[in-house]
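# Residue-level structure breakdown
Next come the chains, spelled out residue by residue.
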Amino acid sequence: MTARDQGVIAPPLWLLAELTYRCPLHCAFCYNPVNYTDHSSELTTEQWIGVLREARALGAAQLGFSGGEPLLRDDLEVLVREGRQLGFYTNLITSGIGLTDKRLDALKDAGLDHIQLSFQDSTQELNDFLSSTRTFDLKNRVAKSIKAHGFPMVLNCVLHRYNLPHVDKIIDMALAMGAEYLELANTQYYGWAHANRAQLMPTAGQLREAEAVVERYREKIGHRCKIYFVVPDYFETRPKKCMNGWGSVFLGVAPDGAALPCHTARSLPGLSFPNVKDTSVRDIWYESDAFNRFRGFDWMKEPCRSCEEKTIDAGGCRCQAYLLTGDPANADPVCDKSPHHETVINVVKRAAGAAVQREPEEHPIVFRNDTNSRRLAALKTRGEPDHHNVADLAGARK
Ligand code: FES
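It should be emphasised that the depicted structure is a prediction, and the values quoted were computed from it without experimental measurement. (Residues numbered from 1 in each chain as written. Predicted model: local features only at pLDDT ≥ 70, side-chain atom pairs only at ≥ 80, totals over all residues.)

### Quick word on the overall build of the protein chain
The secondary structure content of the protein chain amounts to 16 helices and nine strands. Radius of gyration (C-alpha) of the protein chain: 21 Å, near the 21 Å computed for a compact globule of 398 residues. Its C-alpha atoms give the protein chain principal-axis dimensions of about 55 × 55 × 45 Å. The buried share among the 398 residues of the protein chain stands at 45%. (Helix = DSSP H or I, 4+ residues; strand = E, 2+ residues; numbered from the N terminus. Rg over C-alpha atoms; globule rule 2.2 N^0.38 Å. Buried ≥ 20, exposed ≤ 12 C-beta atoms within 10 Å, placed from the backbone.)

### Observations regarding the sheet that holds strand S8 (residues 250-253)
Across the sheet, which stays open at both edges, the nine strands sit in the order S7-S6-S5-S4-S3-S2-S1-S8-S9 with mixed pairing between neighbours. Only two strands of the sheet have a single partner each, and these edge strands are strand S7 (226-230) and strand S9 (259-260). Contacting strand S6 (181-186) and S7, helix H9 (residues 204-221) runs over the sheet at an angle of about 165 degrees to S7. (Pairing = 2+ DSSP bridges. Contact = placed C-beta atoms within 7 Å. Axes fitted to C-alpha atoms, helices over the stretch in contact; angles between N-to-C directions.)

### Here's the deal with the environment of cysteine 319
Of note, cysteine 319 is situated in helix H13 (residues 318-325). Spatially, the C-alpha atoms of cysteine 319 and cysteine 262 are 8.8 Å apart, while their sequence positions differ by 57 residues. If sequence neighbours within four positions are ignored, cysteine 319 has contacts with Tyr190, Cys262, Thr264, Ala265, Ser267 and Leu268.

### Some remarks on the nonpolar core
Within soluble globular proteins, side chains that are nonpolar tend to cluster in buried spots. Counting residues in hydrophobic clusters, the biggest one holds 104 residues, and the most contacted among them are Ala17, Leu155 and Trp192. For tryptophan 192, the residues in contact, after removing those within four places along its chain, are Cys27, Ala28, Phe29, Cys30, Val34, Val366 and Arg368. (Core = buried A, V, L, I, M, F, W, Y, C linked by C-beta atoms within 7 Å.)

### Re helix H1 (residues 45-58)
Taking 1.5 Å per residue as the helical rise, H1 with its 14 residues ought to reach 20 Å, and the 20 Å between its terminal C-alpha atoms agrees with that figure. Along H1, the residues classified as buried are Trp48, Val51, Leu52 and Ala55. Each buried residue of H1 lies within a common arc of 100 degrees when the element is viewed along its axis, so the set occupies one face. Within H1, the exposed residues directed more than 90 degrees away from the buried face are Glu46 and Ala57. Buried residues belonging to H1 abut strand S1 (14-18), strand S2 (62-66), helix H2 (76-86), S8 and helix H10 (281-287). A positive backbone phi angle near 130 degrees is found at glycine 59, which sits one or two residues after H1. (Expected span 1.5 Å × (residues − 1). Arc of directions from axis to C-beta.)

### Topic: unusual backbone geometry
Here the amide bond leading from glycine 67 into glycine 68 is cis, since omega sits at 15 degrees, within 30 degrees of zero. One can find glycine 68 in the loop between S2 and H2. For the bond from glutamate 302 to proline 303, the omega torsion is 10 degrees, close enough to zero to count as cis. Mapped onto the elements, proline 303 comes out in the loop between helix H11 (289-292) and helix H12 (310-313).

### Observations regarding the pairing of strand S3 (residues 89-94)
Of all six residues making up S3, five are buried, and the element is well covered by its neighbours. Sheet topology places S2 next to S3; four bridges connect them, and they run parallel. For glutamine 62, the partnering residue across the bridge sits in S3 and is tyrosine 89. Pairing geometry for S3 and strand S4 (residues 114-119), over four bridges, is parallel.

### With respect to the packing of helix H6 (residues 167-177) against H9
Here H6 crosses H9 at 30 degrees, and the two axes come no closer than 9 Å. As H6 packs across H9, the resulting crossing turns out to be right-handed. Across from Val167, Asp168, Ile171 and Leu175 in H6, the residues of H9 making contact are Ala210, Val213, Val214, Tyr217 and Ile221. Looking at side-chain class alone, the contact of H6 with H9 contains eight nonpolar, no polar and one charged residues. (Left-handed = near helix turned anticlockwise from the far one by under 90°. Nonpolar A, V, L, I, M, F, W, Y, C, P; charged D, E, K, R; others polar.)

### Side note on the environment of arginine 161
Note that arginine 161 resides in the loop between strand S5 (153-159) and H6. On the basis of neighbour count, arginine 161 is assigned to the buried category, with 20 C-beta atoms found within 10 Å. Note: C-alpha distance between arginine 161 and leucine 207 (46 residues apart in sequence) is 8.9 Å.

### Here's the deal with the UniProt feature "binding site: [4Fe-4S] cluster" (unreviewed entry) in the protein chain
The UniProt record marks Cys23, Cys27 and Cys30 with the feature "binding site: [4Fe-4S] cluster" (unreviewed entry), using the residue numbering of this structure. With 22 C-beta atoms packed within 10 Å, cysteine 23 lands in the buried category. What makes cysteine 30 buried here is the crowd of 24 C-beta atoms within 10 Å. Excluding residues that lie within four positions of it along the chain, cysteine 30 makes contacts with Gly191, Trp192 and Arg368. (UniProt positions renumbered as here; feature names shortened; annotations may be inferred.)

Put into C-alpha coordinates, the structure is as follows:
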(Lines give C-alpha, C1' and ligand atoms only; values in the text may rest on other atoms or scores of the structure.)
Protein backbone atom coordinates (compact mmCIF):
# COMPACT_ATOMS: atom_id res chain seq x y z
CA MET A 1 0.00 0.00 0.00
CA THR A 2 1.43 3.39 -0.94
CA ALA A 3 1.71 6.36 1.37
CA ARG A 4 -1.01 8.11 -0.61
CA ASP A 5 -3.37 5.16 -0.35
CA GLN A 6 -3.01 5.28 3.39
CA GLY A 7 -4.47 8.78 3.23
CA VAL A 8 -1.91 10.18 5.67
CA ILE A 9 -0.29 12.73 3.38
CA ALA A 10 -2.15 15.93 2.54
CA PRO A 11 -1.71 17.28 -0.99
CA PRO A 12 0.59 20.24 -1.71
CA LEU A 13 -0.98 23.69 -1.38
CA TRP A 14 1.75 25.93 -2.70
CA LEU A 15 3.59 25.43 -5.97
CA LEU A 16 6.67 27.61 -6.47
CA ALA A 17 7.79 27.63 -10.09
CA GLU A 18 11.39 28.82 -10.19
CA LEU A 19 11.44 29.54 -13.87
CA THR A 20 15.13 30.39 -14.21
CA TYR A 21 18.28 30.90 -12.15
CA ARG A 22 19.29 33.72 -14.52
CA CYS A 23 19.07 37.13 -12.83
CA PRO A 24 20.16 40.67 -13.66
CA LEU A 25 20.89 41.32 -9.97
CA HIS A 26 23.79 39.97 -7.91
CA CYS A 27 22.35 40.09 -4.38
CA ALA A 28 24.62 39.10 -1.53
CA PHE A 29 21.71 37.36 0.26
CA CYS A 30 20.13 35.45 -2.64
CA TYR A 31 18.66 32.11 -1.52
CA ASN A 32 19.39 30.37 -4.84
CA PRO A 33 21.98 27.60 -4.57
CA VAL A 34 25.52 28.95 -4.59
CA ASN A 35 26.30 26.39 -7.29
CA TYR A 36 23.35 27.41 -9.49
CA THR A 37 25.66 27.35 -12.53
CA ASP A 38 25.68 23.54 -12.17
CA HIS A 39 21.96 23.54 -12.99
CA SER A 40 21.63 25.88 -15.94
CA SER A 41 19.12 23.97 -18.12
CA GLU A 42 15.51 25.15 -18.06
CA LEU A 43 12.16 23.44 -18.61
CA THR A 44 10.33 24.31 -21.82
CA THR A 45 6.99 26.10 -21.84
CA GLU A 46 5.18 22.80 -22.49
CA GLN A 47 6.97 21.11 -19.62
CA TRP A 48 6.02 23.92 -17.24
CA ILE A 49 2.40 23.76 -18.39
CA GLY A 50 2.43 20.05 -17.63
CA VAL A 51 3.75 20.75 -14.12
CA LEU A 52 1.05 23.35 -13.46
CA ARG A 53 -1.70 20.98 -14.61
CA GLU A 54 -0.44 18.07 -12.55
CA ALA A 55 0.06 20.15 -9.41
CA ARG A 56 -3.37 21.73 -9.70
CA ALA A 57 -4.95 18.31 -10.21
CA LEU A 58 -3.33 17.22 -6.94
CA GLY A 59 -4.85 20.18 -5.11
CA ALA A 60 -2.25 22.96 -5.16
CA ALA A 61 -3.99 26.35 -4.98
CA GLN A 62 -1.25 29.00 -4.85
CA LEU A 63 1.23 29.46 -7.64
CA GLY A 64 4.34 31.63 -7.29
CA PHE A 65 6.56 32.49 -10.25
CA SER A 66 10.07 33.26 -9.14
CA GLY A 67 13.69 32.67 -10.05
CA GLY A 68 16.30 34.17 -10.53
CA GLU A 69 14.23 36.74 -12.37
CA PRO A 70 11.10 35.17 -13.89
CA LEU A 71 10.68 38.11 -16.29
CA LEU A 72 13.69 36.79 -18.19
CA ARG A 73 11.38 34.07 -19.51
CA ASP A 74 9.44 35.23 -22.59
CA ASP A 75 6.71 32.72 -21.81
CA LEU A 76 5.87 34.12 -18.36
CA GLU A 77 2.55 35.52 -19.59
CA VAL A 78 1.63 32.18 -21.18
CA LEU A 79 2.31 30.38 -17.90
CA VAL A 80 0.40 32.95 -15.84
CA ARG A 81 -2.60 32.59 -18.16
CA GLU A 82 -2.46 28.81 -17.87
CA GLY A 83 -2.14 28.98 -14.09
CA ARG A 84 -5.07 31.37 -13.80
CA GLN A 85 -7.27 29.28 -16.07
CA LEU A 86 -6.49 26.22 -13.96
CA GLY A 87 -7.79 28.14 -10.93
CA PHE A 88 -4.50 28.99 -9.18
CA TYR A 89 -4.02 32.23 -7.26
CA THR A 90 -0.99 33.59 -9.09
CA ASN A 91 1.86 35.66 -7.68
CA LEU A 92 4.87 37.12 -9.45
CA ILE A 93 8.00 37.45 -7.30
CA THR A 94 10.29 39.87 -9.08
CA SER A 95 13.14 42.36 -8.85
CA GLY A 96 11.14 44.51 -11.26
CA ILE A 97 13.91 44.56 -13.84
CA GLY A 98 12.20 44.10 -17.20
CA LEU A 99 8.71 44.84 -15.88
CA THR A 100 7.74 47.33 -18.59
CA ASP A 101 4.26 48.80 -19.05
CA LYS A 102 3.84 46.49 -22.02
CA ARG A 103 4.53 43.42 -19.92
CA LEU A 104 2.33 44.69 -17.11
CA ASP A 105 -0.51 45.05 -19.64
CA ALA A 106 0.12 41.51 -20.84
CA LEU A 107 0.30 40.11 -17.32
CA LYS A 108 -2.92 41.89 -16.38
CA ASP A 109 -4.58 40.44 -19.45
CA ALA A 110 -3.27 36.98 -18.54
CA GLY A 111 -4.97 37.28 -15.15
CA LEU A 112 -2.00 37.72 -12.78
CA ASP A 113 -3.36 38.29 -9.26
CA HIS A 114 -0.49 39.76 -7.30
CA ILE A 115 3.06 41.14 -7.53
CA GLN A 116 5.86 41.02 -4.96
CA LEU A 117 8.55 43.57 -5.74
CA SER A 118 11.93 43.45 -4.03
CA PHE A 119 13.96 46.44 -2.86
CA GLN A 120 17.32 46.21 -1.15
CA ASP A 121 17.05 49.50 0.78
CA SER A 122 15.42 52.93 0.91
CA THR A 123 18.61 54.56 -0.34
CA GLN A 124 20.01 54.37 -3.83
CA GLU A 125 23.51 53.88 -2.49
CA LEU A 126 22.78 50.76 -0.46
CA ASN A 127 20.18 49.33 -2.84
CA ASP A 128 22.69 49.47 -5.67
CA PHE A 129 25.62 48.27 -3.54
CA LEU A 130 23.83 45.18 -2.22
CA SER A 131 22.53 44.13 -5.62
CA SER A 132 25.75 45.15 -7.35
CA THR A 133 23.66 46.96 -9.98
CA ARG A 134 22.26 50.44 -10.63
CA THR A 135 18.58 49.62 -10.28
CA PHE A 136 17.13 51.84 -7.55
CA ASP A 137 15.53 54.45 -9.84
CA LEU A 138 14.20 51.79 -12.15
CA LYS A 139 12.59 49.90 -9.24
CA ASN A 140 10.91 53.12 -8.13
CA ARG A 141 9.44 53.61 -11.60
CA VAL A 142 8.32 49.97 -11.70
CA ALA A 143 6.55 50.29 -8.33
CA LYS A 144 4.52 53.23 -9.66
CA SER A 145 3.61 51.29 -12.81
CA ILE A 146 2.51 48.25 -10.80
CA LYS A 147 0.10 50.41 -8.83
CA ALA A 148 -1.03 52.27 -11.96
CA HIS A 149 -2.02 48.89 -13.41
CA GLY A 150 -4.13 48.15 -10.35
CA PHE A 151 -2.13 45.21 -8.97
CA PRO A 152 -2.01 44.53 -5.23
CA MET A 153 1.66 44.89 -4.31
CA VAL A 154 3.90 43.47 -1.61
CA LEU A 155 7.14 45.32 -1.18
CA ASN A 156 9.82 42.97 0.05
CA CYS A 157 13.02 44.12 1.66
CA VAL A 158 15.54 41.67 3.08
CA LEU A 159 17.00 43.06 6.30
CA HIS A 160 20.52 42.68 7.71
CA ARG A 161 23.23 44.63 9.47
CA TYR A 162 23.51 47.24 6.70
CA ASN A 163 19.90 48.33 6.32
CA LEU A 164 18.27 47.62 9.71
CA PRO A 165 18.97 51.22 10.81
CA HIS A 166 16.90 52.38 7.80
CA VAL A 167 13.69 50.54 8.69
CA ASP A 168 11.74 53.78 9.24
CA LYS A 169 12.74 55.07 5.80
CA ILE A 170 11.92 51.73 4.20
CA ILE A 171 8.42 51.88 5.71
CA ASP A 172 8.01 55.49 4.52
CA MET A 173 9.03 54.36 1.05
CA ALA A 174 6.45 51.52 1.05
CA LEU A 175 3.71 53.92 2.20
CA ALA A 176 4.62 56.47 -0.47
CA MET A 177 4.46 53.74 -3.10
CA GLY A 178 1.01 52.59 -1.97
CA ALA A 179 2.09 49.04 -1.13
CA GLU A 180 -0.65 47.04 0.58
CA TYR A 181 1.93 44.88 2.33
CA LEU A 182 5.51 45.35 3.40
CA GLU A 183 7.56 42.28 4.14
CA LEU A 184 10.59 43.13 6.26
CA ALA A 185 12.24 39.76 6.04
CA ASN A 186 15.35 39.46 8.14
CA THR A 187 17.96 37.48 6.26
CA GLN A 188 17.74 33.72 6.59
CA TYR A 189 21.22 32.27 6.30
CA TYR A 190 21.07 29.87 3.37
CA GLY A 191 22.66 29.95 -0.07
CA TRP A 192 24.54 33.18 -0.75
CA ALA A 193 23.43 34.69 2.55
CA HIS A 194 25.14 31.84 4.38
CA ALA A 195 28.34 32.46 2.44
CA ASN A 196 28.06 36.13 3.49
CA ARG A 197 26.87 35.51 7.05
CA ALA A 198 29.83 37.22 8.71
CA GLN A 199 28.98 40.39 6.79
CA LEU A 200 25.20 40.39 7.10
CA MET A 201 24.43 39.17 10.63
CA PRO A 202 22.92 42.05 12.66
CA THR A 203 23.34 42.73 16.34
CA ALA A 204 20.60 42.09 18.88
CA GLY A 205 20.48 45.84 19.55
CA GLN A 206 19.81 46.61 15.89
CA LEU A 207 16.97 44.12 15.83
CA ARG A 208 15.38 45.47 19.00
CA GLU A 209 15.47 49.02 17.66
CA ALA A 210 14.04 48.02 14.31
CA GLU A 211 11.22 46.07 15.95
CA ALA A 212 10.34 49.06 18.11
CA VAL A 213 10.20 51.26 15.00
CA VAL A 214 7.90 48.77 13.28
CA GLU A 215 5.60 48.73 16.31
CA ARG A 216 5.39 52.53 16.34
CA TYR A 217 4.49 52.58 12.65
CA ARG A 218 1.88 49.85 13.04
CA GLU A 219 0.09 51.94 15.64
CA LYS A 220 0.34 55.07 13.51
CA ILE A 221 -0.74 53.72 10.12
CA GLY A 222 -3.36 51.14 11.12
CA HIS A 223 -4.53 49.07 8.14
CA ARG A 224 -3.06 51.34 5.46
CA CYS A 225 -0.18 48.92 4.95
CA LYS A 226 0.30 45.60 6.70
CA ILE A 227 3.88 45.24 7.91
CA TYR A 228 5.43 41.82 8.45
CA PHE A 229 8.63 41.73 10.46
CA VAL A 230 10.31 38.36 10.53
CA VAL A 231 12.96 37.98 13.26
CA PRO A 232 16.04 36.02 12.14
CA ASP A 233 16.18 32.49 13.50
CA TYR A 234 19.56 32.94 15.16
CA PHE A 235 18.02 35.26 17.76
CA GLU A 236 15.30 32.82 18.80
CA THR A 237 15.35 29.90 21.24
CA ARG A 238 12.81 27.80 19.34
CA PRO A 239 13.09 27.08 15.62
CA LYS A 240 10.55 27.99 12.97
CA LYS A 241 8.34 25.25 11.53
CA CYS A 242 10.21 25.46 8.28
CA MET A 243 7.97 25.06 5.21
CA ASN A 244 5.25 24.19 7.73
CA GLY A 245 6.94 20.79 7.90
CA TRP A 246 8.90 18.97 5.17
CA GLY A 247 6.61 17.66 2.41
CA SER A 248 3.58 19.18 4.08
CA VAL A 249 2.38 22.09 1.88
CA PHE A 250 5.28 23.28 -0.29
CA LEU A 251 6.33 21.94 -3.66
CA GLY A 252 9.15 23.80 -5.39
CA VAL A 253 10.23 23.10 -8.94
CA ALA A 254 13.68 24.36 -9.90
CA PRO A 255 14.46 25.71 -13.39
CA ASP A 256 15.85 22.36 -14.55
CA GLY A 257 12.80 20.46 -13.30
CA ALA A 258 14.18 19.17 -9.99
CA ALA A 259 11.36 18.96 -7.46
CA LEU A 260 12.32 20.38 -4.06
CA PRO A 261 10.62 20.18 -0.64
CA CYS A 262 12.11 23.59 0.25
CA HIS A 263 13.89 26.41 -1.57
CA THR A 264 17.36 25.35 -0.51
CA ALA A 265 16.99 21.57 -0.27
CA ARG A 266 19.62 21.20 -2.96
CA SER A 267 22.26 22.05 -0.37
CA LEU A 268 21.50 18.81 1.53
CA PRO A 269 23.76 15.80 1.02
CA GLY A 270 22.53 12.26 0.41
CA LEU A 271 19.26 13.22 -1.23
CA SER A 272 18.51 12.84 -4.90
CA PHE A 273 15.69 15.01 -6.09
CA PRO A 274 13.20 13.62 -8.59
CA ASN A 275 12.71 15.55 -11.82
CA VAL A 276 9.35 16.50 -13.31
CA LYS A 277 10.76 15.54 -16.72
CA ASP A 278 10.69 11.84 -15.85
CA THR A 279 8.48 11.46 -12.75
CA SER A 280 4.86 12.52 -12.31
CA VAL A 281 4.17 15.27 -9.79
CA ARG A 282 1.89 12.82 -7.98
CA ASP A 283 4.67 10.25 -7.55
CA ILE A 284 7.13 12.97 -6.57
CA TRP A 285 4.84 14.24 -3.84
CA TYR A 286 3.61 10.96 -2.39
CA GLU A 287 6.24 8.37 -3.19
CA SER A 288 9.69 9.90 -3.62
CA ASP A 289 12.41 9.39 -1.04
CA ALA A 290 13.28 13.11 -1.15
CA PHE A 291 9.78 14.21 -0.10
CA ASN A 292 9.34 11.40 2.44
CA ARG A 293 12.78 11.59 4.07
CA PHE A 294 11.88 14.24 6.68
CA ARG A 295 8.10 14.03 6.53
CA GLY A 296 6.27 13.55 9.82
CA PHE A 297 8.21 12.56 12.93
CA ASP A 298 9.71 9.10 12.38
CA TRP A 299 13.02 10.45 11.04
CA MET A 300 13.70 12.48 14.19
CA LYS A 301 16.58 11.87 16.58
CA GLU A 302 16.70 13.01 20.16
CA PRO A 303 16.04 15.55 21.56
CA CYS A 304 13.26 16.12 18.95
CA ARG A 305 11.89 12.57 18.99
CA SER A 306 10.64 12.72 22.57
CA CYS A 307 10.04 16.49 22.67
CA GLU A 308 6.53 17.58 23.56
CA GLU A 309 6.91 20.58 21.20
CA LYS A 310 7.75 18.57 18.08
CA THR A 311 4.32 19.10 16.52
CA ILE A 312 4.75 22.86 16.93
CA ASP A 313 8.06 23.23 15.08
CA ALA A 314 8.53 19.84 13.33
CA GLY A 315 12.16 19.88 14.46
CA GLY A 316 12.86 23.22 12.75
CA CYS A 317 14.75 23.55 9.51
CA ARG A 318 16.61 20.64 7.87
CA CYS A 319 18.84 22.93 5.83
CA GLN A 320 19.84 24.96 8.87
CA ALA A 321 20.53 21.77 10.85
CA TYR A 322 22.84 20.62 8.06
CA LEU A 323 24.62 23.95 7.60
CA LEU A 324 25.29 24.36 11.32
CA THR A 325 25.80 20.77 12.50
CA GLY A 326 26.66 18.79 9.36
CA ASP A 327 23.64 16.45 9.76
CA PRO A 328 20.21 17.42 8.39
CA ALA A 329 18.50 14.95 10.77
CA ASN A 330 19.73 16.80 13.84
CA ALA A 331 17.50 19.20 15.74
CA ASP A 332 17.69 22.71 14.31
CA PRO A 333 20.38 24.24 16.57
CA VAL A 334 18.32 27.42 16.91
CA CYS A 335 16.44 25.41 19.55
CA ASP A 336 18.02 25.82 22.97
CA LYS A 337 17.31 22.13 23.65
CA SER A 338 19.73 21.21 20.85
CA PRO A 339 23.21 20.11 21.97
CA HIS A 340 24.52 22.37 19.14
CA HIS A 341 22.73 25.54 20.27
CA GLU A 342 26.07 27.01 21.33
CA THR A 343 27.01 27.32 17.64
CA VAL A 344 24.18 29.79 17.10
CA ILE A 345 25.02 31.74 20.26
CA ASN A 346 28.61 32.11 19.10
CA VAL A 347 27.62 33.43 15.69
CA VAL A 348 25.42 36.06 17.32
CA LYS A 349 28.18 36.98 19.79
CA ARG A 350 30.66 37.47 16.97
CA ALA A 351 28.18 39.72 15.16
CA ALA A 352 27.88 41.88 18.25
CA GLY A 353 31.59 42.61 18.08
CA ALA A 354 31.71 43.31 14.36
CA ALA A 355 31.17 46.65 12.69
CA VAL A 356 29.70 47.39 9.29
CA GLN A 357 32.50 47.37 6.76
CA ARG A 358 32.19 47.54 3.03
CA GLU A 359 35.72 46.37 2.31
CA PRO A 360 36.62 44.00 5.14
CA GLU A 361 39.90 42.16 4.93
CA GLU A 362 38.82 38.83 6.29
CA HIS A 363 35.34 38.19 4.83
CA PRO A 364 34.72 40.07 1.59
CA ILE A 365 31.12 40.07 0.38
CA VAL A 366 30.61 37.40 -2.25
CA PHE A 367 28.11 38.73 -4.76
CA ARG A 368 25.92 36.29 -6.64
CA ASN A 369 27.35 35.97 -10.11
CA ASP A 370 28.39 33.17 -12.44
CA THR A 371 32.10 33.45 -11.67
CA ASN A 372 31.59 33.19 -7.93
CA SER A 373 29.04 30.41 -8.40
CA ARG A 374 31.53 28.30 -10.35
CA ARG A 375 34.21 28.83 -7.73
CA LEU A 376 31.86 28.02 -4.86
CA ALA A 377 30.62 24.97 -6.78
CA ALA A 378 34.22 23.76 -7.15
CA LEU A 379 34.87 24.21 -3.42
CA LYS A 380 31.57 22.50 -2.58
CA THR A 381 32.60 19.51 -4.68
CA ARG A 382 35.63 19.24 -2.43
CA GLY A 383 33.22 19.03 0.51
CA GLU A 384 33.98 22.38 2.15
CA PRO A 385 31.13 24.25 3.85
CA ASP A 386 30.20 27.67 2.54
CA HIS A 387 31.43 29.76 5.44
CA HIS A 388 34.92 28.42 4.86
CA ASN A 389 34.61 29.18 1.19
CA VAL A 390 34.36 32.88 1.71
CA ALA A 391 37.98 33.48 2.57
CA ASP A 392 39.02 31.35 -0.40
CA LEU A 393 36.96 33.59 -2.62
CA ALA A 394 38.78 36.78 -1.73
CA GLY A 395 40.18 36.96 -5.22
CA ALA A 396 36.84 36.29 -6.90
CA ARG A 397 35.17 39.49 -5.77
CA LYS A 398 34.51 41.93 -8.56
FE1 FES B 1 15.22 23.69 3.78
FE2 FES B 1 14.26 24.87 6.02
S3 FES B 1 15.15 25.83 4.26
S4 FES B 1 14.10 22.78 5.41
